[in-house]
Amino acid sequence: MPTVNKGKKPMQHNDGAHLPITTGSALLIYKWTLQEFVLLLWAAYVLILIVIKLPDFLRSAARLVGGLQRAWANLKEWKRGSKN
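Every chain begins its residue count from 1, and numbering advances along the sequence as written. Per-residue local features are limited, in this predicted model, to residues with pLDDT of at least 70; the limit for side-chain atom pairs, both in listing and counting, is 80 or more; totals at the level of whole chains, interfaces and linings are taken over all residues. The basis for every side-chain value is the complete set of non-hydrogen atoms in the structure, without hydrogens or water.

Overview of the overall build of the protein chain
Looking only at helices and strands, one finds three helices and two strands in the protein chain. The buried label goes to any residue with under 20% of its type's maximum accessible area, the exposed label to any with over 50%, and the partly exposed label to all in between, with areas taken from a 1.4 Å probe on protein chains only. Across the 84 residues of the protein chain, 4% fall into the buried class. Helix and strand assignments follow DSSP, with helices taken as H or I runs no shorter than four residues and strands as E runs no shorter than two, numbered in order from the N terminus.

Structure representation (structure tokens):
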């Protein structure tokens, strides 16, 4: 292997380390299989769906909470006896 002198320490060039990274075989070298890759894609898909549906959910939840608060206020007023 050729060496390059930078300062006082010789540095080895090893292009073999870059090959797995560029070809995608690093997944196999680092024990990543297709199952983990599909699981990662599925998790990203679920996260995207959550982000897309979150505004609708928040509107629905606010509407539900508002309805429950009105019902509770009506119940408390009915229990005390209405002045009308």
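Past the structure itself, the notes keep going.
Section: the pattern of salt bridges
What counts as a salt bridge is simple: a side-chain nitrogen of Lys or Arg found within 4 Å of a carboxyl oxygen of Asp or Glu. On inspection of all chains with the given rule, the structure shows one salt bridge. As a salt-bridge pair, Arg-59 and Asp-56 come within 2.5 Å of each other at their nearest N and O atoms. With Arg-59 and Asp-56 both in helix H3 (residues 34–80) and three residues apart, this pair spans about one turn of that helix.

Concerning H3
Take the residue count of a helix, subtract one, and multiply by 1.5 Å to get its expected span. Between its terminal C-alpha atoms H3 stretches 65 Å, which fits the 69 Å expected from 47 residues at 1.5 Å a residue. The reported bend at a residue is simply the angle between two axes, fitted to the 7 residues ending at it and to the 7 residues beginning with it. Of all the bends found along H3, the most pronounced is centred on Lys-53 and spans about 45 degrees, while Pro-55, a proline, follows it within four residues. Positive backbone phi, approximately 100 degrees, marks Gly-81, located one or two places after H3.

Some remarks on a nonpolar patch on the surface
A patch is a set of surface residues, each over 30% in relative accessible area and not in a salt bridge, joined within 9 Å for like charges and within 5 Å for the nonpolar side chains Val, Leu, Ile, Met, Phe, Trp and Tyr. The accessible surface values rely on the Shrake-Rupley method and a 1.4 Å probe; as for residues, cover is taken only from the protein chains in view. Taken together, the side chains of Leu-39, Trp-42, Tyr-45, Ile-48, Leu-49 and Ile-52 present a nonpolar region at the surface, about 650 Å² in accessible area. Residue placement: Ile-48 occurs in helix H3.

Description of the confidence of the model for the protein chain
For every residue, the predictor assigns a confidence score, pLDDT, that lies between 0 and 100. Looking at the protein chain, pLDDT values average 78 and 58% of them are 70 or higher. Element-level mean pLDDT values for the protein chain span from 55 in strand E2 (residues 9–12) up to 91 in H3.

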